[in-house]
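Residue-level structure breakdown
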Amino acid sequence: MKTPIYLDYSATTPCDPRVVQRMLPFFADTFGNAASRSHAFGWTAEAAVEQARGEVAALIGAHPKEIIWTSGSTEANNLAIKGVAEMYRQKGNHLITAVTEHKAVLDPMKHLESQGFEVTWLPVDKLGHVDLDQLEAAITDRTILVSLMTANNEVGTLHPIHEIGALCKRKGTLFHSDATQAAGRFPLDVEAQHVDLLSLSAHKMYGPKGVGCLYVRRKNPRVRLVAQMDGGGHERGMRSGTLNVPGIVGMGEAARLAKAEMVRELPLLAALRDRLEARLLAALPDAVRNGDPAARLPHLANVSFPYVEGESLIMGIKELAVSSGSACTSASLEPSYVLKSLGLGDELAHSSIRFSLGRFTSEAEVDFATDRVVQEVKRLRSMSPLWEMVQEGIDLTQVRWTAH
Amino acid sequence: MAYSDKVLDHYQNPRNVGSLDKNAPDVGTGIVGAPECGDVMKLQIKVDDQGRIVDAKFKTYGCGSAIASSSLATEWLKGTTVDAAAQIKNTQIVEELSLPPVKIHCSVLAEDAIKAAIEDWRKKRSAQATPPEGHA
Ligand SMILES: Cc1ncc(COP(=O)(O)O)c(C=O)c1O
């Protein structure tokens, strides 16, 4: 088997070869600037961009004119959050989000806080859900935006966005959802789900890196934004900058494939993911699954392995490309804030691994990966004083540790 | 994160993993660290009548550098005297394993574990050295 085995599709996906094929002509042959109105080079590029716009719109049940191209989800989230805040400042200065959002939502919100906006940070329960009553109670007539992700990137928990959308609509506040992880893995429909703004990124759905989009509702209600990038007035003034034509073409093809293959792909992914979890839990019954076992993405499993430390585990399974529950932001390991807000102690958060499967994952790879993880967890447990104490019947919570 | 070859070697082939009888009079046990901090080390020494360390074992919950630090410590302990062992400094471990600054705490923990094991052994010995008859 070829190693390392890629089980980190939530970090990024490879480009589907069909996507690459669609993109290739747009680098050197049909290389025009989509904004060039005076010649065929520009017209060809523009036609390709518009086709892609239609394909992405179709994936989420939107009108093509509601798609604004960006450099990815980080930019789409920034545009949605800051753009709404600046546009609707007269109406109110209050925004709502949750503590488990991606940094690309949390940090724009923090930025707004520093500018005098008020942000409500909703907590989550141990499965990763916000309390809808608490959300409803938090919405006031000063609330201009609720931003809650469709699916969480670390544990895969799906927020009930149709209910959240309906609630926001009833309360008259705008609803933004970061659907970066959900695209192609969960059916999206901005009408049925009452979403006003939605962020997507191509590189999480078998498209290229550095391209994404923001869906901005045009009717019922018409959402307006203050652009965060000023310049030539591209994208109806909402996002200036020459369009990344090859990237956009790639995103369009990725969206078309996602829509066409989802029905077939989702049950296969879920079956592989279930196999992975079942094999881990059968061999290591005290392993802990994190997130909501029911309402979740089909391709992702987040599992904690008590009594072994996460970094040493990752070090031991170097044939596997996975993410650990410790965000290795700097050189030091911080336990993931998402897992901690689900109520996991530092120890469990430290020992968690996110496995995310994808279009090119095979059953043999899942079996190899689980065997390796089990083997390594057992090896590390045989050297773990914590495991030894637990075998001796010692309650670790009663031990007086020497903190350092 | 990049690991030095020596850290990798100790991680993959740890020396002296295991446990000695913690109730034996000639065994000293040191347990340092805390699970929430991400590392716990248990280090044990078995000492003969001449004060020589005849065996050393460890178990560590922690990152690769913590495992390597304690594995290396047991190598150094075996065959040396308790007095010499008490002189081992974390900086020697840092140097031998080429630990980066963020991993220095692993070496500190190993030094603490050595000291705790010696301390435990000394306590046991002084308890024994005071026989019931009462003459010292
Ligand atoms: C939920 C979520 N939002 C936003 C992002 C950022 O997306 P991009 O890399 O396109 O900026 C990611 C990916 O890391 C993500 O998982």
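Topic: helix α8 (residues 245-283) of chain A
Residues and elements named next belong to chain A. An ideal rise of 1.5 Å per residue puts 57 Å on 39 residues; α8 reaches only 49 Å between its terminal C-alpha atoms. Most pronounced at M262, the bend in α8 amounts to some 70°. Measuring from the side-chain oxygen of the N-cap residue of α8 to the backbone nitrogen of G247 gives 2.9 Å; that N-cap residue is N244.

Things to note about the domain arrangement of chain A
All names here are of chain A. Examined at the domain level, chain A breaks down into domain 1 (5-9 + 262-391) and domain 2 (17-258). Centre-to-centre, using C-alpha coordinates, domain 1 lies 29 Å away from domain 2. Listed per partner, the contact involves 25 residues of domain 1 and 32 residues of domain 2. Both sides together, the interface formed by domain 1 and domain 2 hides about 2400 Å², and carbon and sulfur atoms give 57% of it.

Focus on the pattern of salt bridges
This structure, assessed with the given rule, holds 40 salt bridges over all chains. A salt bridge links A:E311 to B:K103; the shortest N-O distance between them is 3.0 Å. Within this pair, whereas A:E311 is found in helix α9 (residues 310-316), its partner B:K103 is found in the loop between α4 (90-97) and α5 (104-128), the two belonging to separate chains. The pair formed by A:E311 and B:K103 is uniform in burial state, with each residue classed as buried. A:R379 is the salt-bridge partner of A:E376, the closest N and O atoms lying 3.1 Å from each other. Residue A:E376 and its partner A:R379 are located together in helix α12 (residues 363-382), separated by three residues, close to a single helical turn.

Some details on the packing of aromatic side chains
Residues and elements named next belong to chain A. Scanning the entire structure with this criterion turns up five aromatic pairs over all chains. The interplanar angle of 45° and the centroid separation of 5.3 Å between the aromatic rings of F31 and F41 together place this pair among those described as tilted. Note that F31 is positioned in the loop between α2 (25-28) and α3 (40-60) and F41 in helix α3, a separation of 10 residues in sequence. A relative accessible area of 45% means that F41 is categorised as partly exposed. Taking the centre distance of 5.9 Å and the plane angle of 85° together, the rings of Y206 and F360 count as edge-to-face. In this pair, Y206 is assigned in the loop between β7 (197-201) and β8 (212-216) and F360 in the loop between β15 (352-356) and α12, connecting sequence segments 154 residues apart. The buried category is assigned to Y206, whose relative accessible area is 5%. Through a chain of ring-to-ring contacts, the aromatic side chains of Y6, Y9, Y206 and F360 assemble into a single cluster. A cation sits over an aromatic face here: R359 above Y206, 4.0 Å from the ring centre. Positioned above the aromatic ring of W387 is the side chain of R381, whose terminal nitrogen or guanidinium carbon lies 4.5 Å from the ring centre.

Topic: the interface of chain B and chain A
Counting residues at the interface gives 32 residues for chain B and 28 residues for chain A. Here chain B packs against chain A, burying approximately 2500 Å² in sum over the two surfaces, 62% of which is carbon and sulfur. Across the pair A:E388 and B:K59 runs a salt bridge whose closest N-O atoms are separated by 3.2 Å. Between the two partners, chain B and chain A, sit 14 residue pairs in polar contact (both at pLDDT 80 or more). Among the secondary structure elements, those contributing two or more residues to the side of chain B that touches chain A are α1 (5-12), β1 (27-34), β2 (39-47), β3 (53-61) and α2 (64-77) of chain B. Grouping the constituent residues of the side of chain B that touches chain A by class yields 19 nonpolar, seven polar and six charged.

Focus: the sheet that holds β3(B)
All names here are of chain B. In space, the three strands of this open sheet follow the order β1-β2-β3, with antiparallel pairing throughout. Since the sheet does not close on itself, it has two edges, and those belong to β1 and β3, each with one partner. For this sheet, the mean angle separating the axes of adjacent strands, direction not counted, is 10°. Across eight bridges, the pairing between β1 and β2 is antiparallel. By the bridge assignment for β2, A34 is matched with D39. Along the sheet, α5 contacts β1 and β2; its crossing angle with β1, the most-contacted strand, is approximately 145°.

Structural notes on the side chain of A:S384
All names here are of chain A. Looking at the element boundaries, S384 is found in the loop between α12 and α13 (385-391). The exposure class assigned to S384 is buried, which follows from its relative accessible area of 1%. Looking at S384, its side chain comes within polar contact range of the main-chain nitrogen of W387, at 3.2 Å.

Rules used in this analysis
- Residues numbered from 1 in each chain as written.
- Chains lettered and ligands numbered in written order.
- Predicted model: local features only at pLDDT ≥ 70, side-chain atom pairs only at ≥ 80, totals over all residues.
- Heavy atoms only, no water.
- Helix = DSSP H or I, 4+ residues; strand = E, 2+ residues; numbered from the N terminus.
- Expected span 1.5 Å × (residues − 1).
- Bend = angle between axes of the 7 residues up to and from the residue.
- Polar contact = N/O pair within 3.5 Å; in protein donor to acceptor, adjacent residues only side chain to side chain.
- Domains from an automatic or database assignment.
- Contact = heavy atoms within 4.5 Å.
- Buried area = accessible area lost by both parts, 1.4 Å probe.
- Salt bridge = Lys/Arg side-chain N within 4 Å of Asp/Glu carboxyl O.
- Buried < 20%, exposed > 50% of the residue type's maximum accessible area, 1.4 Å probe, protein only.
- Phe/Tyr/Trp six-rings, centres within 6.5 Å; stacked < 30°, edge-to-face > 60°.
- Lys NZ or Arg CZ within 6 Å of the ring centre and 35° of its normal.
- Nonpolar A, V, L, I, M, F, W, Y, C, P; charged D, E, K, R; others polar.
- Pairing = 2+ DSSP bridges.
- Axes fitted to C-alpha atoms, helices over the stretch in contact; angles between N-to-C directions.

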